[in-house]
Amino acid sequence: MNKSMKWVGGVLATLGALGFYVSERLIHMPKKSAKYLWERETDDGFITPESFERLPKTTRTLVSPFGYDLYVQAVEFHPASKRWVILSHGVRESSVAMVKYMNLFVKRGYNAVLYDHRRHGDSGGKTISYGYFEKEDLQCVVDWLFDTYGNDLYFGLFGESMGAVTTLLYAGELEDRAQFYIVDCPFSALSDQVALQLKRELRFPKFTLHYFDWFVRMRGRFSMRDVSPLQVVGHIQNPVLFIHSEHDDFIPVSMTRALYEKKQGAKSLFIAPHGGHAESFVYNQEAYKTAVNEFLDEVEEKSSIPLQT
């Protein structure tokens, strides 16, 4: 083999390794351990294992449309209430991280559904798709809720980070079925978010995204270009509360501002002055609670569904 052939072979091997590395980081991102999540939420004062175990919850394992198990917990605080909220966690997290948000709704007479995304917590699935497949899993959870507790429910969806993206994709692409949506720190488009990280971490220009997307499509069976809340948020008619931290250094606040501007009809925006990514509640608890309660006051007032508590 001459030198030029060796050089070409070396370049191709390097490109292949880079493609594998970037796609691996995306679709097989390491999960945070259950022990770490419990300790973090406990240390922050949001949960205690003993009190969580005493919650009036029903645990179910649903079958995803894609064949793996989905771990779901329905927490029925108010048996006479028609109000429900389904909470979707972020990447590397689990449903444990959503208990602090659940408590905001419990005080308003809501029951709650906590569940683990594919390849997170106790659910199955081999890859992460940042909302592409997760949105249909969410639809599966919604269908189960109505099949189990009746068709006359008043329910909303709450999502953080990847869970927020999943919520917007579900509402904008599949069905605008919930009475309201609350989305905390979503990205506007996965391709833009990944391009931003490629520039920050590897100093790669944006056009290289097309190359890495080929690896994601081959290994993860989805395209980054198809995970874009910005493309579908205009389809959502029901009210949305957008939340983001001004100083989020992972997903820039400009992405939520863009989503807010694109959303038509009823909408609200809360930009938290303190905290980083997915920390708006942690560092702005009173202002966060006020924003959520004012939003819910408005949407519940306009509801035609009786809200028993």
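See the structure shown above.
Fair warning: this is a prediction, and the values are worked out from it, not measured in the lab.

Engineer: Which residues make up the packing of helix α4 (residues 99-106) against helix α12 (residues 285-301), and what values do they have?
Structural biologist: Where α4 meets α12, the closest approach of the two axes is 11 Å, and the angle between their N-to-C directions is 45°. Between α4 and α12, the angle falls in the class oblique. Handedness of the crossing formed by α4 with α12: right-handed. Two secondary-structure elements touch here, α4 through Y101, L104 and F105 and α12 through Y288, K289, V292 and L296. Looking at the contact of α4 with α12 residue by residue, the classes come out as six nonpolar, no polar and one charged.

Engineer: Describe the sheet that holds strand β8 (residues 267-272), with residues and values.
Structural biologist: An order of β1-β2-β4-β3-β5-β6-β7-β8 is seen for the eight strands of this open sheet, with the pairing classed as mixed. Whereas interior strands pair on both sides, the edge strands pair on one side only; in this sheet they are β1 (57-63) and β8. Strand-to-strand, the axes of this sheet are offset by a mean angle of 15°, without reference to chain direction. Summarising the sheet, strand β3 (residues 83-88) and strand β5 (residues 154-160) pair through six bridges and their orientation is parallel. From the neighbouring strand, I86 faces β5, where its bridge partner is L157. Its contacts with the sheet put helix α5 (residues 134-149) on β1, β2 (69-75), β3, β4 (111-115) and β5, and the angle it makes with β3 is roughly 155°.

Calculation criteria
- Residues numbered from 1 in each chain as written.
- Predicted model: local features only at pLDDT ≥ 70, side-chain atom pairs only at ≥ 80, totals over all residues.
- Heavy atoms only, no water.
- Axes fitted to C-alpha atoms, helices over the stretch in contact; angles between N-to-C directions.
- Helix = DSSP H or I, 4+ residues; strand = E, 2+ residues; numbered from the N terminus.
- Parallel < 35°, antiparallel > 145°, perpendicular 65-115°, else oblique.
- Left-handed = near helix turned anticlockwise from the far one by under 90°.
- Contact = heavy atoms within 4.5 Å.
- Nonpolar A, V, L, I, M, F, W, Y, C, P; charged D, E, K, R; others polar.
- Pairing = 2+ DSSP bridges.

So, to be careful, I would describe these as geometric facts and stop short of saying anything about function.
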